[in-house]
Amino acid sequence: MALGDVIEFKGNKRNLRKDNVEFKGSKKGLVINIKNCDDFEQVKQEILQKIECAGRFFIGAKITSINSDTITDIQQIELKEIISSKFQIEFVEEQSVFDGIYEGQTKFVKATLRSGMKIEFKGNVVIIGDVNPGAQIVAYGNVIIMGCLRGVVHAGANGNKDAFVVAYDLNPMQLRIENLISIAPDEEFQKPNYPEIAFIKDNCIVIDPYLNKR
């Protein structure tokens, strides 16, 4: 197989559409190109079916990227998670990790995010307002909430272990930094009345008070 060749998988019992998804070889591994994504669930199933039909071809394979102009960052993360968990395929990112967490690109949103709303940005995100349950934020850098965080947040989404999450009221449904996940406890507990910061330490998500030291 030459680099850049399109890899076609012929299943014995399934007739798969070939106009939505294709696999190509690169120097570092395989690339998934998604040409059309009017229906994300259909595209997801097509990818999974092609991998299943390939049999042993993907054993030990590495995928370097998923290329698409139509799927969102959250949908890309979902695809990577399901492919990795279902087929034990490793993803090796070709792109460099966003490291501008101190002065990099920052998106400011002056609004309260309500259920169903999503913010995705390849940099830092600052929310001047609250993040309600059911709202989502995905950022390559830090996430700062100048209000209450009760939704889902993913900082360092492209592999930045130095990213952090800060909120005046840190009480998320799910908090993720890089590939580590923290979920809110089921039992009720007394929340502090001061800002908190979540970050990675010793391969665990740690939450500390965020107060000025005097």
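Structure: above.
Along each chain, the written sequence defines residue order, and numbers are assigned to residues from 1. The predicted nature of this model means local features are confined to residues of pLDDT at least 70 and side-chain atom pairs, given and counted, to a pLDDT of 80 or more, with totals for whole chains, interfaces and linings taken over all residues. Water and hydrogen atoms play no part in the side-chain values, which are based on all heavy atoms of the structure.

(A) Structural view of the environment of N158. Under the DSSP-based scheme used, a helix requires at least four consecutive residues in state H or I and a strand at least two consecutive residues in state E, with every element numbered from the N terminus. As for its position among the elements, N158 is in the loop between β11 (152–155) and β12 (165–170). Assessed through its relative accessible area of 10%, N158 is described here as buried. It is 9.9 Å that separates the C-alpha atoms of N158 and G123, two residues lying 35 residues apart in sequence. With a 1.4 Å probe rolled over the protein chains alone, any residue whose accessible area is under 20% of its type maximum counts as buried; one over 50% counts as exposed, and the rest are partly exposed.

(B) Layout of the environment of N193. Structurally, N193 can be placed in the loop between β14 (180–183) and β15 (196–201). We classify N193 as exposed; its relative accessible area is 74%. C-alpha of N193 to C-alpha of D169: the two residues are 24 residues apart in sequence and 7.4 Å apart in space.

(C) Up close: the pairing of strand β16 (residues 204–209). Note that β15 and β16 share six bridges and pair antiparallel. Opposite E196, over in β16, you have P209 as the bridge partner. By the convention used here, strands pair only if DSSP detects at least 2 bridges between them. Linking β15 back to β16 in an antiparallel pair, the connection comprises two residues, with D202 at a positive phi of about 55°.

(D) Up close: the sheet that holds β15. In spatial order, the strands read β6-β8-β10-β12-β15-β16; together these six strands make up an open sheet with mixed pairing. Unpaired on one side and paired on the other, β6 (106–109) and β16 mark the two borders of the sheet. Between one strand axis and the next, the sheet turns through 25° on average, direction left out of account. With five bridges connecting them, strand β10 (residues 143–149) and β12 associate as parallel partners. Bridge pairing in β12 links V143 to V165. Only the contacting stretch of a helix is used when fitting its axis, a line to C-alpha atoms as for every element, and angles between N-to-C directions run 0 to 180 degrees.

(E) Representation of the sheet that holds strand β9 (residues 136–139) within the structure. Here five strands make up an open sheet; going across it, the order is β7-β9-β11-β13-β14 and the pairing mixed. Every other strand in the sheet has two partners, leaving β7 (118–121) and β14 as the edge strands with one partner each. Strand-to-strand twist across the sheet, computed as the mean angle between neighbouring axes with direction ignored, equals 5°.

(F) Structural context of unusual backbone geometry. One non-glycine residue, E178, lies in positive phi territory at about 55°. Structurally, the position occupied by E178 is in the loop between β13 (174–177) and β14. Its relative accessible area of 15% is what places E178 among the buried residues.

(G) Local environment of the side chain of E196. One can find E196 in strand β15. When sequence neighbours within four positions are dropped, the list of residues in contact with E196 reads V165, V166, A167, L170, K191, I207, D208, P209 and Y210. Contacts are residue-level and defined by heavy atoms, with any inter-residue pair within 4.5 Å sufficient.

(H) Summary view of helix α2 (residues 73–87). Here α2 spans 21 Å end to end across 15 residues, near enough to the 21 Å set by a 1.5 Å rise per residue. Turning to α2, its buried residues are D73, I74, Q75, Q76, I77, L79, K80 and I83. After α2 finishes, the residue Q88 shows a positive phi value of roughly 55°. Helix span, as expected, comes to 1.5 Å for every residue beyond the first.

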